[in-house]
Amino acid sequence: MKPLKHWQDPVNAVIAVCLILSPWVLGYAGEMAAVTNAVLAGAVLLAVALGAMLMPRAWEEWSEAVVGLWLMASPWIVGFAAHPHARNAALIAGIVVLALALWTLAADKDYSPWLHRHGT
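Residues numbered from 1 in each chain as written. Predicted model: local features only at pLDDT ≥ 70, side-chain atom pairs only at ≥ 80, totals over all residues. Heavy atoms only, no water.

The subject of this paragraph is the nonpolar core. Ranked by size, the top nonpolar core spans 17 residues in total, and within it Ile-15, Leu-19, Tyr-28, Leu-45 and Leu-71 carry the most contacts. Contributing elements (two or more residues each) for this core: helix H1 (8-25), helix H2 (32-54), helix H3 (58-79) and helix H4 (84-107). Top element by residues in this core is H4. It accounts for 6 residues. For Tyr-28, the contacting residues outside a window of four places in its chain are Ser-22, Pro-23, Ala-34, Val-35, Ala-38, His-85, Ala-86 and Ala-89. (Core = buried A, V, L, I, M, F, W, Y, C linked by side-chain atoms within 4.5 Å. Buried < 20%, exposed > 50% of the residue type's maximum accessible area, 1.4 Å probe, protein only. Helix = DSSP H or I, 4+ residues; strand = E, 2+ residues; numbered from the N terminus. Contact = heavy atoms within 4.5 Å.)

With that settled, consider the confidence of the model for the protein. Averaged over the protein, the pLDDT score is 88; the fraction of residues at 70 or greater is 88%. The spread of mean pLDDT over the elements of the protein runs between helix H5 (residues 113-117), the lowest at 51, and H1, the highest at 95. (pLDDT = per-residue confidence, 0-100.)

Moving on, we come to the packing of H3 against H4. Close contact between H3 and H4 brings their axes to 7 Å; oriented N to C, the two are set at 155°. Relative to H4, the element H3 is oriented roughly antiparallel. Judged by the twist between their axes, the crossing of H3 over H4 is left-handed. Counted together, Ala-58, Glu-61, Trp-62, Glu-64, Ala-65, Gly-68, Leu-69, Leu-71, Met-72, Ser-74, Pro-75 and Trp-76 of H3 and Arg-87, Ala-90, Leu-91, Ala-93, Gly-94, Ile-95, Val-97, Leu-98, Ala-101, Thr-104 and Leu-105 of H4 form the full contact between these two elements. Across the contact of H3 with H4, the residue classes break down as 16 nonpolar, 4 polar and 3 charged. (Axes fitted to C-alpha atoms, helices over the stretch in contact; angles between N-to-C directions. Parallel < 35°, antiparallel > 145°, perpendicular 65-115°, else oblique. Left-handed = near helix turned anticlockwise from the far one by under 90°. Nonpolar A, V, L, I, M, F, W, Y, C, P; charged D, E, K, R; others polar.)

In this structure the tally under the stated criterion is 1 aromatic pair. On the numbers, 5.0 Å between centres and 85° between planes, the contact of Trp-7 with Trp-103 is edge-to-face. In this pair, Trp-7 sits in the segment before H1 while Trp-103 sits in helix H4, placing the two residues 96 residues apart along the sequence. Trp-103 gets classed as partly exposed once you look at its relative accessible area, which sits at 46%. (Phe/Tyr/Trp six-rings, centres within 6.5 Å; stacked < 30°, edge-to-face > 60°.)

What follows deals with the packing of H1 against H2. Where H1 meets H2, the closest approach of the two axes is 8 Å, and the angle between their N-to-C directions is 160°. As summarised for this structure, H1 and H2 are arranged roughly antiparallel, according to the angle between their axes. Every pair of crossing elements has a handedness; the one defined by H1 and H2 is left-handed. In contact with Asp-9, Pro-10, Asn-12, Ala-13, Ile-15, Ala-16, Val-17, Leu-19, Ile-20, Ser-22, Pro-23 and Trp-24 of H1, H2 contributes Val-35, Ala-38, Val-39, Ala-41, Gly-42, Ala-43, Leu-45, Leu-46, Ala-49, Ala-52 and Met-53. Looking at the contact of H1 with H2 residue by residue, the class counts come to 19 nonpolar, 3 polar and 1 charged.

Let us now look at the environment of Glu-60. Within the secondary structure layout, Glu-60 lies in helix H3. Separated by 12 residues in the primary sequence, Glu-60 and Val-48 have C-alpha atoms spaced 5.9 Å apart. Beyond its immediate chain neighbours, meaning those up to four positions away, Glu-60 contacts Val-48, Gly-51, Ala-52 and Met-55.

The next subject is a nonpolar patch on the surface. On the surface, Val-17, Leu-21, Val-25 and Leu-26 cluster together into a nonpolar patch covering about 350 Å² of accessible area. Position of Val-17 relative to the elements: it lies in helix H1. With a relative accessible area of 38%, Val-17 lands in the partly exposed category. (Patch = residues over 30% accessible without salt bridge, like charges linked within 9 Å, V, L, I, M, F, W, Y side chains within 5 Å. Areas by Shrake-Rupley, 256 points an atom, 1.4 Å probe, with all protein chains shown as cover. Salt bridge = Lys/Arg side-chain N within 4 Å of Asp/Glu carboxyl O.)

See the structure below:
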């Protein structure tokens, strides 16, 4: 088995599972737009995080960043911003996922060679 390249990817996988379960754990299972968003975004994040663990590529980190941005914007785009548990779950997950993805992209010399060549 290949060694894990980035510790951030399993953390994103755990966040994905938490996001998928959040409607039932946090009590917003009756809000279908929020449930659908949490389950679909969580499933996409889980798939990308697992892919990043098995065959790390920069595009997977960029995909995680996009999912993070989506999660941060989705309460207003999808229309569940008035539901605090659903909104906060999406916002917190989105912020953490985006931060972890950007951290990985910035820290890995294979993913950001320009940044590492220019003095950071």
